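Descriptive analysis of the structure
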Amino acid sequence: MTETLEKQHLAIETRDMHLFYGHFRAVKDVDLQVIPQKITAIIGPSGCGKSTVLRSFNRMNDFVPSFHMEGEVLFHGQNIYATDVDPVMVRQRIGMVFQKPNPFPKSIYDNVAWGARINGFKENMDDLVEQTLRQAALWDEVKDDLRKSGLSLSGGQQQRLCIARALAVKPEIILMDEPCSALDPIATLKIEDLMRELSEQYTIIIVTHNMQQAARASDHTAFFTMDEDRAGIMVEYGETNQIFTNPRDKRTEDYITGRFG
Amino acid sequence: MENQIVKQQVIRMESAEQLVIHKLRKRPRLGETFIQGFLFFCGAVSIFTTIGIVFELGKESLLFFQMPGVTLVEFLTKTEWQPTIGKFGVLSLINATLMTTLFAMLVALPLGLGAAIYLSEYATPRARSILKPVLEVLAGVPTVVYGFFALTTMTPLLRAIFGEQVQVYNTLSAGLVMGIMILPLVCSMSEDALSAVPRSLREAAYGLGATRLETAVQVVVPAALSGIIAAFILGVSRAVGETMIVALAAGSGPNFTFDPFQAAETMTGYIARISGGDVSYDTPDYNSIFAIGLLLFTSTLLLNVISRRLVARFREVYE
Amino acid sequence: MSGYFSTPKSNLAMRHRVGGVWKAIFFLSTAIGLLALAVLVITILDDVFGLVAVVDKVDRTTLADRPLEDLEKDELLAILDKKVSVNRLRTIQRNGGFTLDEIPAGEVYELVIAEVVKPTVEESYPLFDSLFKRAEIEAEVAQKHPDATIYFYSWLNQRFLTNSMSTTPQLAGVRTALFGSLWIIVITVAFAFPIGVGAAIYLEEYASRSWVNRVIQTNIDNLAGVPSIVYGILGLAIFVRTLSALTSGKAFGVEGVETGRTVLAAGLTMGLLVLPILIINAQEAVRAVPNSLRQASYGLGATQWQTIWHHVLPSAFPGILTGTILAVSRAIGETAPLILVGASSLINKDPQGIFSYFTALPIQIYNWTSRPQAEFRNIAAAAIIVLLVVLLSLNAVAILTRNRLTRRAP
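As the structure is a computational prediction, the values presented were derived from the model and not from experiment.

1. Thoughts on the overall build of chain B
Secondary structure summary: chain B contains 13 helices and two strands in total. In terms of overall dimensions, chain B is more spread out than a globule: its C-alpha atoms have a radius of gyration of 30 Å, far above the 20 Å expected for 319 residues. By its C-alpha atoms, chain B is 120 × 70 × 35 Å across when sized along the principal axes. Across the 319 residues of chain B, 53% fall into the buried class. Long-range pairs, those at least 24 residues apart, make up 73% of the contacts in chain B with a sequence separation of at least 6.

2. Let's talk about the overall build of chain A
Of regular secondary structure, chain A possesses ten helices and eleven strands. The principal-axis extents of the C-alpha atoms in chain A amount to approximately 55 × 45 × 35 Å. In chain A, buried positions account for 48% of the 261 residues. In chain A, the proportion of contacts linking residues at least 24 apart, taken out of those at least 6 apart, comes to 70%.

3. A word on the interface of chain C and chain B
Listed per partner, the contact involves 67 residues of chain C and 72 residues of chain B. Within the side of chain C that touches chain B, the residues separate by chemical class into 43 nonpolar, 18 polar and six charged.

4. Notes on the confidence of the model for chain B
Chain-level pLDDT for chain B is 88 on average; 91% of the residues reach the 70-or-more range. In the predicted assembly, ipTM is 0.87 and pTM is 0.84.

5. Re the packing of helix 6 (residues 143–162) of chain B against helix 1 (residues 12–48) of chain C
Packing of helix 6 of chain B against helix 1 of chain C leaves a shortest axis separation of 10 Å and a crossing angle of 85 degrees. Of the possible angle classes, the one that applies to helix 6 of chain B and helix 1 of chain C is roughly perpendicular. For the pair helix 6 of chain B and helix 1 of chain C, the contacting residues are Phe149, Thr152 and Thr153 of chain B in the first and Val39, Leu40, Thr43 and Asp47 of chain C in the second. By residue class, the composition of the contact of helix 6 of chain B with helix 1 of chain C is three nonpolar, three polar and one charged.

6. Points about the packing of helix 6 (residues 155–168) of chain A against helix 7 (residues 185–198) of chain A
All names here are of chain A. Their axes nearest at 9 Å, the elements helix 6 and helix 7 cross at an angle of 20 degrees. Here helix 7 runs roughly parallel to helix 6, going by the angle between their axes. When you trace helix 6 past helix 7, the crossing you get is right-handed. Two secondary-structure elements touch here, helix 6 through Gly155, Gly156, Gln159, Arg160 and Ile163 and helix 7 through Ala187, Lys190, Ile191 and Leu194. In terms of residue class, the contact of helix 6 with helix 7 is made up of four nonpolar, three polar and two charged.

7. Side note on the nonpolar core
Val177, Val186 and Ile245 of chain B together with Ala383 of chain C are the most contacted members of the largest nonpolar core, which totals 283 residues. Ranked by the residues each element gives to this core, the list is headed by helix 8 (residues 175–206) of chain C, at 18 residues. Of the domains in this structure, domain 1 (3–46) and domain 3 (175–408) of chain C are the two that each give at least three residues to this core. Ignoring sequence-local partners within four residues, the contact set of Ile245 of chain B consists of Thr143, Tyr146, Gly147, Ala150, Ala174, Val177, Met178 and Met181 of chain B. With seven residues, the next largest nonpolar core counts Leu71, Ile79, Leu111 and Val112 of chain C among its residues.

8. Remarks on the sheet that holds strand 2 (residues 119–124) of chain C
Residue and element names in this part refer to chain C. Across the sheet, which stays open at both edges, the three strands sit in the order 2-1-3 with antiparallel pairing between neighbours. Unpaired on one side and paired on the other, strand 2 and strand 3 (149–154) mark the two borders of the sheet. Across the sheet, the axes of successive neighbouring strands diverge by a mean angle of 45 degrees, strand direction being ignored. Pairing of strand 1 (residues 49–56) with strand 3, which is carried by six bridges, proceeds in the antiparallel orientation. Note on strand 3: the bridge partner recorded for Gly50 is Tyr153.

9. Observations concerning helix 16 (residues 361–369) of chain C
The buried fraction of helix 16 of chain C amounts to nine of the nine residues, a majority that puts the element mostly inside the structure. Looking at helix 16 of chain C, one finds that the buried residues are Leu361, Pro362, Ile363, Gln364, Ile365, Tyr366, Asn367, Trp368 and Thr369 of chain C.

About the cut-offs
Residues numbered from 1 in each chain as written. Chains lettered and ligands numbered in written order. Predicted model: local features only at pLDDT ≥ 70, side-chain atom pairs only at ≥ 80, totals over all residues. Helix = DSSP H or I, 4+ residues; strand = E, 2+ residues; numbered from the N terminus. Rg over C-alpha atoms; globule rule 2.2 N^0.38 Å. Buried ≥ 20, exposed ≤ 12 C-beta atoms within 10 Å, placed from the backbone. Contact = placed C-beta atoms within 7 Å. Nonpolar A, V, L, I, M, F, W, Y, C, P; charged D, E, K, R; others polar. pLDDT = per-residue confidence, 0-100. Axes fitted to C-alpha atoms, helices over the stretch in contact; angles between N-to-C directions. Parallel < 35°, antiparallel > 145°, perpendicular 65-115°, else oblique. Left-handed = near helix turned anticlockwise from the far one by under 90°. Core = buried A, V, L, I, M, F, W, Y, C linked by C-beta atoms within 7 Å. Domains from an automatic or database assignment. Pairing = 2+ DSSP bridges.

This is the structure:
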């Protein structure tokens with residue numbers, strides 16, 4: 001199926017990507033092509049390096065001293081690991097939502113406004129905050145107390161606040177690292193609906209340990225597992241429907257049926 | 001006959017059971033109780049210490065305020081302090097204490113916080129594991145050595161910069177050196193607070209495209225603010241109670257002045273000077289030590305309590 | 001930057017520049033702290049070593065036809081007999097606890113220098129001036145003190161360690177002060193260690209969450225922040241004044257000490273001062289003992305005290321020891337409380353026991369530093385080095401013992 005993807009319209013493309021922690025090869029030889037304005041899910045057993053792969057897309061792994069990578073991660077045709085690329089710039093274009101909601105201990109308003117402010121946003125901040133909170137389907141719940149601390153919201157609301165915060169920087173891609181793992185089912189559904197709406201404007205890559213979620217909410221799915229060296233490898237990548245109904249690789253089938261059937 | 005035997009057996013079993021029950025019954029363990037009592041006494045020694053401090057300071061201070069010519073109002077509002085000739089205005093001593101404390105915090109707060117931010121947000125773990133203990137050596141140097149340092153290095157340095165208007169004993173020199181002494185305290189407490197801020201907050205900021213500085217100053221520092229303020233307050237308390245540096249370098253003799261180049265005696269400096277000589281019991285000099293000691297004790301205690309409250313609140317948020 | 005990233009969304013270059021400047025500022029803060037430490041050390045060294053211009057009160061060549069160092073013991077004794085009064089000689093022997101006949105020639109030579117030649121340091125120069133401006137110094141000395149000899153002198157020397165207090169800087173030493181400090185520390189440890197460890201065990205192992213125990217814990221935390229001079233005031237009021245019968249030894253029939261300004265009073269005051277720190281450190285060590293150890297012991301039917309004595313204390317011991325040494329090293333450097341409880345810098349008799357008057361190292365440093373003459377600064381600096389060496393070796397001992405004890409533990 002990869003042959004059918006049109007290269008010039010890729011959101012992110014990795015070439016021969018290997019990820020290391022010190023001497024340990026955590027992820028091996030990944031060639032992934034992410035389609036813009038779609039939701040791409042990364043699934044696989046725990047420890048297979050899903051999060052490491054996701055974090056390498058906006059250079060969040062830079063903060064792990066022992067981390068290094070080989071190969072290329074292309075964004076608009078440019079390798080984001082090239083020496084002349086500023087990781088700060090990369091993260092402005094490729095935002096991230098984390099596993100546990102992590103609002104700043106500031107007001108709801110400031111949580112949304114801060115990222116935009118440091119990135120030089122000069123227009124009407126009130127409008128931006130309202131617009132992104134609406135986009136994140138949070139506006140109606142918080143519009144009367146924007147001055148309240150972000151920490152006072154419920155878990156699901158906090159995670160939508162974190163999504164709004166990411167949107168306010170106006171990224172092209174949003175990386176989501178198991179965004180619903182700390183949430184209850186209702187809050188999870190809200191986030192999934194939100195992802196579906198956002199995918200009309202943004203490219204979303206989501207790491208999830210929840211296969212139903214991947215099946216429900218994503219357009220494309222990449223299945224990762226560990227090889228005999230405990231290094232993560234990408235086994236299969238394709239349209240979600242195909243991966244879940246007609247997997248080509250035996251390992252994918254085992255994983256899916258093992259949990260699904 | 002058979003019945004008899006059964007009966008006997010039953011009785012025997014019952015008595016065995018009773019024996020077991022008897023063995024399991026709680027017994028007074030005299031040794032254990034005695035030890036626990038002794039250990040409680042050890043813990044209570046600290047209570048006796050506090051009671052001793054409060055009682056002695058209070059008792060002698062009462063005697064001080066009962067002396068002819070001493071009133072609380074004069075004590076707290078007048079600026080001239082000469083107990084032997086009946087002048088009891090403690091403001092000159094308080095003023096000198098506040099001056100040296102101010103200069104100390106002007107050094108310790110920015111440098112301590114800056115160093116804490118560097119160690120927590122910039123330094124590699126290896127660099128931090130070397131730099132932090134070295135900085136803490138500064139905290140282990142006895143304060144009398146800092147007094148020597150103030151007198152032999154800082155004062156001549158100030159005189160070289162500002163000229164002869166700097167007196168040999170002056171509050172600026174003592175304050176600046178005191179700041180160096182307090183720096184490791186402020187640094188290490190602030191660093192603890194900064195390091196306790198969860199990594200997820202930093203990642204959130206980086207994920208939005210913030211630089212390291214923006215993350216450190218606009219996200220991590222505000223999140224650790226109560227811990228940093230606690231460090232600052234504890235630093236102030238340390239500066240107010242510090243004796244040897246001011247006794248050596250700030251000057252002896254009360255002097256109500258705002259000139260940092262002039263000699264002026266602090267509360268602690270006064271206590272050290274008066275008690276260093278041959279002071280006889282129940283004289284104005286002797287009793288005044290206790291009145292000033294009480295002032296010192298209550299003010300530092302207040303600062304310490306506030307600081308500890310802030311740290312506790314900070315811990316509640318993040319632990 | 002090239003390609004896609006070359007069209008910055010914002011003033012990113014500016015932000016990075018600001019970031020770089022502040023990174024430098026933060027680093028500079030750290031560096032200033034380190035620099036202060038370095039300057040502190042240099043200041044002390046600068047005053048310990050350096051050139052001195054010495055003038056002999058009595059010309060050495062008039063005493064003998066050979067250099068004094070080469071003289072035999074009886075020749076030296078002859079000089080002493082001729083130049084020093086009988087009474088003075090008797091006093092020297094009584095104070096020193098020796099007779100002239102039994103000491104070696106080297107010590108007699110020292111006596112001749114001290115009592116007859118009486119070399120006086122007229123000028124003393126700091127180390128760095130001595131190294132880099134030697135010519136100027138020599139010119140100055142030649143003009144001011146024509147008959148002075150200039151030589152390089154270390155104020156920290158053997159005589160400094162073994163002599164007691166003197167009003168002449170180059171004859172003064174720290175022996176009495178060292179003994180005073182040691183005596184105080186012995187009492188401090190003997191008082192604070194058992195009580196501190198006991199309190200820590202009580203709070204960690206026995207104390208319920210009742211209000212009494214909460215008050216004790218809060219109280220200890222607050223006492224740790226009380227200025228040391230307040231402890232001095234407490235010591236003055238309680239140990240020196242109220243309990244003077246005990247601390248002067250009168251209650252035990254000890255004669256010759258009139259007031260409570262003794263080693264015992266100082267040691268107890270220091271004990272109270274370090275107690276809260278010691279308790280807090282010991283509490284941490286006890287808390288670090290894993291609960292599984294306690295449960296294993298209870299599972300075998302041990303009582304609470306058996307569990308503590310046989311399991312908790314042994315495995316907490318390295319931590320308690322380190323905590324104690326850290327607390328005690330604070331006591332060694334403390335000066336203010338000793339001033340309050342009446343250390344006297346003029347004492348030149350070694351403390352004979354816990355009911356003696358005393359002086360201590362930090363007291364000598366304080367006293368010598370506050371004198372205006374440069375030579376007293378020199379010996380203050382030398383005494384600081386002695387104090388720092390004592391502190392450093394204590395800490396080294398703490399670290400070594402802890403490492404050895406923890407390695408032996410399973």
